[in-house]
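Observations on the model geometry
As a plain string of letters, each chain reads:
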Amino acid sequence: MAPGRVTRDGTSGYRVFSPFYRAWRRHGWRPPAGSGSVVRWGDGGLGSDGAPVDPPLGGVALPPAGEAAATRAWARFRDGWLRAYGERRDVLVDEGSSRLSPYLKYGCLHPRTLLAELGQGEGEESFRSELAWREFYADVL
């Protein structure tokens, strides 16, 4: 949701998360947008010669990029670890955290897509709250 949409009195934003979260839940959100059309870029004669090479990362593995990878990561988390998210979200050594941050940051996944698929269990509610924190900070900034 766009920053500034959830307000206390119609003009000013929240500065404390709990009242923001209650108002955010009451406000709700639109359903996710439908699938867009695929745009195929022609052979515009643009070569990739001289494209930068990724710097050495010292053994750090980056997550796969793109919408398809993001959708697979969401499905894996939703169908596996989401139920226990409330208890496991701070345990970073396993899949307790969603690991969806880069996909949300770069727009490979939209929060509305995730919200539309969340149920009402404890893990889902905990994850919904984390998505709300993301919205809250965007709103405060």
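The structure reproduced in this document is the subject of the present report. (Residues numbered from 1 in each chain as written. Predicted model: local features only at pLDDT ≥ 70, side-chain atom pairs only at ≥ 80, totals over all residues. Heavy atoms only, no water.)

On a plain count of helices and strands, the chain comes out with 6 helices and 0 strands. Mapped from its N terminus to its C terminus, the chain presents α and β elements in the order α-α-α-α-α-α. (Helix = DSSP H or I, 4+ residues; strand = E, 2+ residues; numbered from the N terminus.)

In this section: the nonpolar core. Core analysis: the largest hydrophobic core is formed by 25 residues, its most contacted members being Trp74, Leu100, Leu109, Leu114 and Phe127. Only α1 (17-27), α2 (67-79), α4 (101-105), α5 (111-116) and α6 (122-140) provide two or more residues apiece to this core. In this structure leucine 109 touches Ala70, Thr71, Trp74, Leu100, Tyr103, Leu104 and Leu114, once residues within four positions along its chain are discounted. (Core = buried A, V, L, I, M, F, W, Y, C linked by side-chain atoms within 4.5 Å. Buried < 20%, exposed > 50% of the residue type's maximum accessible area, 1.4 Å probe, protein only. Contact = heavy atoms within 4.5 Å.)

Turning our eyes to something else, we now look at the pattern of salt bridges. If you walk through the whole model with that rule in mind, you get 5 salt bridges. In this structure, the salt-bridge partner of arginine 78 is glutamate 117, at a minimum N-O distance of 2.4 Å. With arginine 78 in helix α2 and glutamate 117 in the loop between α5 and α6, the pair connects residues that are 39 residues apart, well separated along the chain. Among the residues examined, arginine 78 registers a relative accessible area of 27% and is labelled partly exposed. One salt bridge connects arginine 134 with glutamate 135, and the closest N-O pair in it is separated by 3.7 Å. (Salt bridge = Lys/Arg side-chain N within 4 Å of Asp/Glu carboxyl O.)

Within this structure, the stated rule accounts for 14 aromatic pairs. With a centroid separation of 5.5 Å and an interplanar angle of 20°, the aromatic rings of phenylalanine 17 and tyrosine 21 are classed as stacked. In this pair, phenylalanine 17 and tyrosine 21 both sit in helix α1, 4 residues apart, roughly one turn of the helix. For the pair formed by phenylalanine 17 and tyrosine 21, the shared burial category is buried. Where tryptophan 74 meets phenylalanine 77, the ring centres are 6.3 Å apart and the plane angle is 45°; that geometry is what we call tilted. Note that tryptophan 74 and phenylalanine 77 are positioned in helix α2 at a spacing of 3 residues, about one turn of the helix. Among the aromatic residues, those joined into a cluster by ring pairs are Tyr14, Phe17, Phe20, Tyr21, Trp24, Trp133, Phe136 and Tyr137. (Phe/Tyr/Trp six-rings, centres within 6.5 Å; stacked < 30°, edge-to-face > 60°.)

Right, let's get into α6. Taking 1.5 Å as the rise per residue, α6 with 19 residues should run 27 Å; its terminal C-alpha atoms sit 27 Å apart, in good agreement. In this fold, the buried residues of α6 make contact with α1, α2, α3 (85-88), α4 and α5. (Expected span 1.5 Å × (residues − 1).)

Below, the discussion takes up α1. Within α1, the full set of buried residues consists of Phe17, Phe20, Tyr21, Ala23 and Trp24. Packed against the buried residues of α1 are α5 and α6. Looking one or two places after α1, you find glycine 28, whose phi comes out positive at around 75°.

The geometry of α1 relative to α6 is characterised by a closest axis approach of 10 Å and an angle of 105° between their N-to-C directions. Taken together, the axes of α1 and α6 lie roughly perpendicular to each other. Contact with α1, carried on its side by Phe17, Phe20, Tyr21, Trp24 and Arg25, involves Glu125, Arg128, Ser129, Ala132, Trp133, Glu135, Phe136 and Asp139 of α6 and no other residues of that element. For the contact of α1 with α6, the per-class residue count stands at 7 nonpolar, 1 polar and 5 charged. (Axes fitted to C-alpha atoms, helices over the stretch in contact; angles between N-to-C directions. Parallel < 35°, antiparallel > 145°, perpendicular 65-115°, else oblique. Nonpolar A, V, L, I, M, F, W, Y, C, P; charged D, E, K, R; others polar.)

Attention now moves to the side chain of serine 98. The topology assignment puts serine 98 in the loop between α3 and α4. Discounting residues that sit within four places of it in the chain, serine 98 has contacts with Phe77, Tyr85 and Phe127.

Note that all results are geometric; they support no functional claim without further evidence.
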